[in-house]
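Chain and residue survey
Okay, here's what each chain looks like letter by letter:
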Amino acid sequence: MKKTVMRKYAKLAVRSGANVQKGQGCVISAEVEQHEFAEMVAEEAYRAGAKWVMVNWGDQSLTKLHYRHQTVTQLSKVEKWEIEKMQHMVDTLPAMIHISSSDPDGLKGINIAKLQKSGAARGKVLKPFREKMDNKYQWTIVAVPSKKWAKKVFPNERPGAAVEKLWNAILQSVRVTADNDPVAEWDKHNKTLHEKSEKLNALNLDYLHYESKNGTDFKCWLIPGTRWMGGGDTLPSGIFYNPNMPTEEVFISPMRGKCEGTLVATLPLSYQGNLIDKFSITFKDGKAVSVKAEQGQELLEHMIHMDEGAAMLGELALVPDNSPISNSGILFYNTLFDENAACHVALGRGFNETVVGFENMSEEELQEKGINDSLIHVDFMIGSKELNITGYTRDGKKVQIFKNGNWAI
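Residues numbered from 1 in each chain as written. Predicted model: local features only at pLDDT ≥ 70, side-chain atom pairs only at ≥ 80, totals over all residues. Heavy atoms only, no water.

1. Comments concerning the packing of helix H6 (residues 112-133) against helix H10 (residues 297-304)
Using the following cut-off: Note on method: axes are straight lines fitted to C-alpha atoms, helices fitted across the in-contact stretch only, with angles between N-to-C directions ranging 0 to 180 degrees. Each helix is a run of H or I in the DSSP string that is no shorter than four residues. Each strand is a run of E no shorter than two, and both are numbered from the N terminus. Throughout this description, any angle smaller than 35 degrees is read as roughly parallel, any larger than 145 degrees as roughly antiparallel, any in the 65 to 115 degree range as roughly perpendicular, and the remainder as oblique. Crossing handedness is read from the near helix: turned anticlockwise from the far helix by less than a right angle, it gives a left-handed crossing, and turned clockwise, a right-handed one. The contact criterion used throughout is that any non-hydrogen atoms of two residues lie within 4.5 Å.
Following both chains from N to C, one finds H6 and H10 inclined at 20 degrees, their axes separated by 10 Å at the closest point. Our classification of the angle between H6 and H10 gives roughly parallel. Judged by the twist between their axes, the crossing of H6 over H10 is right-handed. Contacts between H6 and H10 involve Ile112, Ala113 and Gln116 from the first element and Glu298, Leu299, His302 and Met303 from the second.

Structural data, given as structure tokens:
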């Protein structure tokens, strides 16, 4: 990929993604294989006025070694320096840029129980710090091809050709070309998503009913006083940023523990370096009570038992089948992209910002309102050309929201 186009993408991540402010710190998370792009992002952050830039380097192969050779006790430890680092994040509120590039199967073969137990233990210690930062800083997730990820997406291509094809697909999804203004393109895109959100908010929906020929038959209730959102977000301080690049969704957090029925996944899910495929989840009294998967059954079972909130939903997201990523016909094996090719839901933590007036509420008050709380937030895709969604308003009206996989409003 041409470096001029890569730099354009890096600038977009900094300016429109995290919207790094003058005098603000910036934390970049990246795999070592992506050092060239990470360096471009760091330089663009400094050009935007960042006071300091720190890069958290990762390597999936090393991570796999750690899980293979360390005990659960060791893996579960959160060292003093990690606590101090998180406290520094709370105190300084840097912008955070995550560069996704990992192999979807990169942790295949690792003991699932070890992976889940250590993740849950560390998550409980680090969760209070994340809650203190929630909705107070800008963050964004972008993606860059790695050789293994590219070969997973394009298995019949040589590694170099696969990487180039994945680069092109990623850039198309984030509206970057050699001769356009991607910032202006994102401004238009955000306006479109905002308008769709406002249409849904005007309906004052009580619950949604999902139906599809594949077996999906599911009802989910919404929290009074919540709002549909889409595209970029604005902090209480007034700073606008784009958390996910790409994004095609309009989303809301549903009522905690109030849903019934079965959801059938329409795309594979890459979770913790392992694939879960051809699966369904059945809910009763708001909780996942049974899961079935042809691949990744054990991991899926562990996931919904991570904590009390892991078996409940934290997000409903609407994405039309007729959208850029879906129309590309590419299965990315990466949730950042695949969730923007289809309607999806998320197990686990909900979004406080979907509650009107959330900035004046405590975590406890938001949970009493109906926002789900959990250590996890895992999206899985349920959209297809056959999905129909009917909305029922609080004054008893029936509204077709999606018909044959696309918007009906």
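2. Let's talk about the pattern of salt bridges
Here is the rule we go by: Salt bridge criterion: a side-chain nitrogen from Lys or Arg within 4 Å of a carboxyl oxygen from Asp or Glu. Only protein chains enter the accessibility calculation, which uses a 1.4 Å probe; a residue is then buried when its area is under 20% of its type maximum, exposed when over 50%, and partly exposed in between.
Using the criterion set out here, one finds 16 salt bridges in the structure. Residue Glu44 pairs with Arg47 through a salt bridge whose shortest N-O separation is 3.2 Å. With Glu44 and Arg47 both in helix H2 (residues 35-47) and 3 residues apart, this pair spans about one turn of that helix. Overall, Glu44 belongs to the buried group, its relative accessible area being 3%. One salt bridge connects Lys165 with Glu157, and the closest N-O pair in it is separated by 3.4 Å. A relative accessible area of 37% means that Lys165 is categorised as partly exposed.

3. So, the sheet that holds strand S7 (residues 229-230)
Which entries qualify depends on this criterion: Paired strands, as defined in this entry, are two strands with at least two bridges between them according to DSSP.
Spatial strand order, S7-S10-S15-S16-S17: 5 strands in an open sheet with antiparallel pairing. Pairing within the sheet leaves two strands with one partner each, and these edge strands are S7 and strand S17 (377-381). Pairing of strand S16 (residues 344-348) with S17, which is carried by 5 bridges, proceeds in the antiparallel orientation. From the neighbouring strand, Ala346 faces S17, where its bridge partner is Asp379. Contacting S7, strand S10 (250-252) and strand S15 (313-318), helix H9 (residues 182-203) runs over the sheet at an angle of about 45 degrees to S10.

4. Concerning empty space enclosed by the protein
Using the following cut-off: In this analysis the probe radius is 1.4 Å and the grid spacing 1 Å, with only protein atoms considered; a cavity is a set of points the probe fits into but cannot get out of, a pocket is an open set with protein on both sides within 12 Å along at least five of seven lines, and lining residues have an atom within 4 Å of a point. Grid points are joined across faces, edges and corners, and a volume is the space filled by probe spheres set on the points. Basically, the charged four are Asp, Glu, Lys and Arg, the nonpolar ten are Ala, Val, Leu, Ile, Met, Phe, Trp, Tyr, Cys and Pro, and anything else, Gly included, counts as polar.
The full count for this structure, using the stated rule, is 1 cavity of 30 Å³ or more. Size it by volume and the largest cavity reaches roughly 40 Å³. Lining the largest cavity we find Val319, Pro320, Asp321, Ala341, Ala342, Cys343, Gly383, Ser384, Phe402 and Gly405. For the lining of the largest cavity, the class distribution of residues is 6 nonpolar, 3 polar and 1 charged.

5. Notes on H6
Put simply, the rule reads: To estimate how far a helix should reach, multiply one less than its number of residues by 1.5 Å. What is called the bend at a residue is the angle between a pair of axes, fitted to the seven residues leading up to and ending at it and to the seven starting from it. In protein, a polar contact requires one atom able to donate a hydrogen and another able to accept it; more generally it is a pair of N or O atoms within 3.5 Å, and residues adjacent in sequence count only if both atoms are side-chain atoms.
Taking 1.5 Å as the rise per residue, H6 with 22 residues should run 32 Å; its terminal C-alpha atoms sit 30 Å apart, in good agreement. Most pronounced at Leu126, the bend in H6 amounts to some 45 degrees, and the proline Pro128 follows within four residues. Within the span of H6, buried status applies to Ile112, Lys114, Leu115, Gln116, Ser118, Ala120, Gly123, Leu126, Lys127, Phe129 and Met133. Taking the backbone nitrogen of Ala113 as reference, a side-chain oxygen 3.0 Å away marks Asn111 as the first, capping residue of H6. Remark: Asn135 follows H6 within two positions and exhibits a positive phi of approximately 60 degrees.

6. Notes on the environment of Ala120
Looking at the secondary structure, you find Ala120 in helix H6. The spatial distance from the C-alpha of Ala120 to the C-alpha of Asp373 is 14 Å, given a sequence separation of 253 residues. If sequence neighbours within four positions are ignored, Ala120 has contacts with Met306 and Leu375.

7. Remarks on the state of the cysteines
Our working definition: The definition used for a disulfide is geometric: two cysteine sulfur atoms within 2.5 Å.
For the coordinates displayed, the defined rule picks out 0 disulfides. As a non-bridged cysteine, Cys343 has Cys220 as the owner of its nearest cysteine sulfur, 13 Å distant.

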